[in-house]
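Chain residues, written in single-letter form:
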Amino acid sequence: MESVAPLTGEYEFEIWDHTSEPMEGDVIVPFAYEEWLCREIGKGSINQGVHIWRHRQGAVLGQRDFRLPQAGAAMRELADQGWSVAVRISGGAFVPLDEGVVNVSLLLPNPEGRMEHLADFQRMVQLLKNTLLVWGLPAEAGEINGAYCPGEYDVAVRGRKFCGIAQRRQLRASAVQAFINVEGSGERLAGIAQRFYETASGGSSELDYPKIERAKTASLSELAADSDMTVGAFVHGLKQRLITLGGTVSAPPAAPESELQTLVRSLRERYAAGSE
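What you are looking at is a predicted structure, and each value in this text was computed from that prediction instead of being measured. (Residues numbered from 1 in each chain as written. Predicted model: local features only at pLDDT ≥ 70, side-chain atom pairs only at ≥ 80, totals over all residues. Heavy atoms only, no water.)

Chemist: Explanation requested: the nonpolar core in the structure shown.
Modeler: If you look at soluble globular proteins, the nonpolar side chains tend to sit buried side by side. The biggest cluster of nonpolar side chains holds 50 residues, and the ones touching the most others in it are Leu78, Phe94, Leu97, Tyr148, Phe196 and Tyr197. In terms of residue count, helix 1 (residues 28-43) provides more of this core than any other element does, eight residues in total. Beyond its immediate stretch of four places on either side in the chain, Tyr197 contacts Asp65, Leu68, Ala93, Phe94, Tyr209, Pro210 and Ile212. (Core = buried A, V, L, I, M, F, W, Y, C linked by side-chain atoms within 4.5 Å. Buried < 20%, exposed > 50% of the residue type's maximum accessible area, 1.4 Å probe, protein only. Helix = DSSP H or I, 4+ residues; strand = E, 2+ residues; numbered from the N terminus. Contact = heavy atoms within 4.5 Å.)

Chemist: So what exactly am I meant to see when it comes to the sheet that holds strand 9 (residues 160-169) here?
Modeler: Sheet strands pair via backbone hydrogen bonds, and the direction of the pair is either parallel or antiparallel. Reading across from one edge, 7-8-9-10-6-2-1-11 is the order of the eight strands in this open sheet, with mixed pairing throughout. Two strands bound the open sheet, and with one partner strand each, they are strand 7 (139-141) and strand 11 (247-249). Each strand axis lies, on average, 25° off the axis of its neighbour in the sheet, ignoring direction. When strand 9 meets strand 10 (residues 173-181), the two strands line up antiparallel, connected through seven bridges. Of the residues in strand 10, the one forming a bridge with Arg168 is Ala175. Contacting strand 1 (13-23), strand 2 (49-55), strand 6 (101-109), strand 10 and strand 11, helix 7 (residues 231-244) runs over the sheet at an angle of about 175° to strand 1. (Pairing = 2+ DSSP bridges. Axes fitted to C-alpha atoms, helices over the stretch in contact; angles between N-to-C directions.)

Chemist: Would you mind going over the pattern of salt bridges with me for this structure?
Modeler: Per the stated rule, a full pass over the model turns up 15 salt bridges. Glu35 is the partner of Arg168 in a salt bridge, and the nearest nitrogen-oxygen pair spans 2.8 Å. Of the two residues, Arg168 sits in strand 9 while Glu35 sits in helix 1, which places them 133 residues apart along the sequence. The class for Glu35 is buried, based on a relative accessible area of 8%. A salt bridge links Glu140 to Lys129; its shortest N-O distance comes to 3.7 Å. One end of the pair, Glu140, is in strand 7; the other, Lys129, is in helix 4 (residues 117-132), and 11 residues separate them in sequence. Residue classification places Glu140 among the partly exposed residues on the basis of a relative accessible area of 47%. Put simply, Glu24, Arg56 and Glu99 are held in one network by salt bridges that share partners. (Salt bridge = Lys/Arg side-chain N within 4 Å of Asp/Glu carboxyl O.)

Chemist: What is the right way to read the environment of Val87 from this model?
Modeler: Locating Val87 in the fold gives a position in strand 4 (residues 84-87). Among the residues examined, Val87 registers a relative accessible area of 4% and is labelled buried. Distance from Val87 to Leu267, taken between C-alpha atoms, is 8.0 Å for residues 180 residues apart in sequence. Apart from residues lying up to four places away in sequence, Val87 is in contact with Ile28, Leu61, Gly62, Gln63, Phe66, Met75 and Tyr271.

Chemist: Help me out: how do you make sense of the packing of helix 4 against helix 7 in this one?
Modeler: Packed helices, taken two at a time, are described by their axes: the angle between them and the distance between them. Direction vectors running N to C along helix 4 and helix 7 enclose 115°, while the axes themselves pass 9 Å from each other. By the criterion of interaxial angle, the relationship of helix 4 to helix 7 is roughly perpendicular. For the pair helix 4 and helix 7, the sense of crossing is right-handed. Note on element contacts: helix 7 touches helix 4 through Phe234, Gly237, Leu238, Arg241 and Leu242, opposite Leu127, Leu128, Asn130, Thr131 and Leu132. Of the residues that constitute the contact of helix 4 with helix 7, the class distribution is six nonpolar, three polar and one charged. (Parallel < 35°, antiparallel > 145°, perpendicular 65-115°, else oblique. Left-handed = near helix turned anticlockwise from the far one by under 90°. Nonpolar A, V, L, I, M, F, W, Y, C, P; charged D, E, K, R; others polar.)

Chemist: Help me out: how do you make sense of the sheet that holds strand 4 in this one?
Modeler: Taken together, three strands build an open sheet; the order of strands is 4-3-5 and the sheet is mixed. Each of the sheet's edge strands pairs with one partner strand only, and the pair in question is strand 4 and strand 5 (95-97). Neighbour to neighbour, the strand axes of the sheet diverge by 20° on average, direction disregarded.

Chemist: I'm lost on the packing of helix 3 (residues 71-80) against helix 5 (residues 186-200) in this one. Help?
Modeler: Running from N to C, helix 3 and helix 5 point in directions that differ by 140°, and their axes come no closer than 7 Å. One way to sum up the angle between helix 3 and helix 5 is to call them oblique. Classified by chirality, the crossing of helix 5 by helix 3 is right-handed. Only Ile192, Arg195, Phe196, Thr199 and Ala200 of helix 5 make contact with helix 3, whose side of the interface consists of Ala71, Ala73, Ala74, Met75, Glu77 and Leu78. Counted by class, the contact of helix 3 with helix 5 contains eight nonpolar, one polar and two charged residues.

Given below as structure tokens:
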């Protein structure tokens, strides 16, 4: 039994799975969708839930990344290589997404506006730790120096990071968002992040940005090399764990297209100058 419940209330929640095929196109769309989900959860229009998704060739910056002197050039460089580039409004730093990366978001009501960000991070960590016990992987939380998107709630196995966690708070709801490197090469993804910072910093080592060591990042398939760790197996294991905690697999709610596009434009317009 977990020491921290993964969700709030009476532990009944929905599980929304978008992982059967990676999303493509504008990577800001799933973030806009989760903005809409949080608004509806905050209003009580839909239940709290867990959103699981993937995206092919999406590069997501943190707000501090966007303020680096050559961020616009680094964003254009990625776009020229076929990446969809965006700046998220949740915390964290640069993250490259591909079909081997599973994104998991706990979307929680917070009607009283309580500041419980540490407990929310711990909910995600505990969920991942218990899910990975099936594969015998001893996941632990704590910042991994040299990993990309570093933070206090990095999740790693034997000192190699496979997951980063960020949070987005609205007035009456919040999202705890994790990227989880399930398949592929962690070092390849770290190299993409490293190249971004080389360009965005203008080559200066004096600026405040993550100094990346590629070997500090791995995928779960690399960490569990003798097991059947795949995206499909991980998502199945995660969903089974969530079901035991009161979750119900449901069709993802459909956001009205006009509302979704308004949110997409709003998120894009905040950082339009860097992508021109």
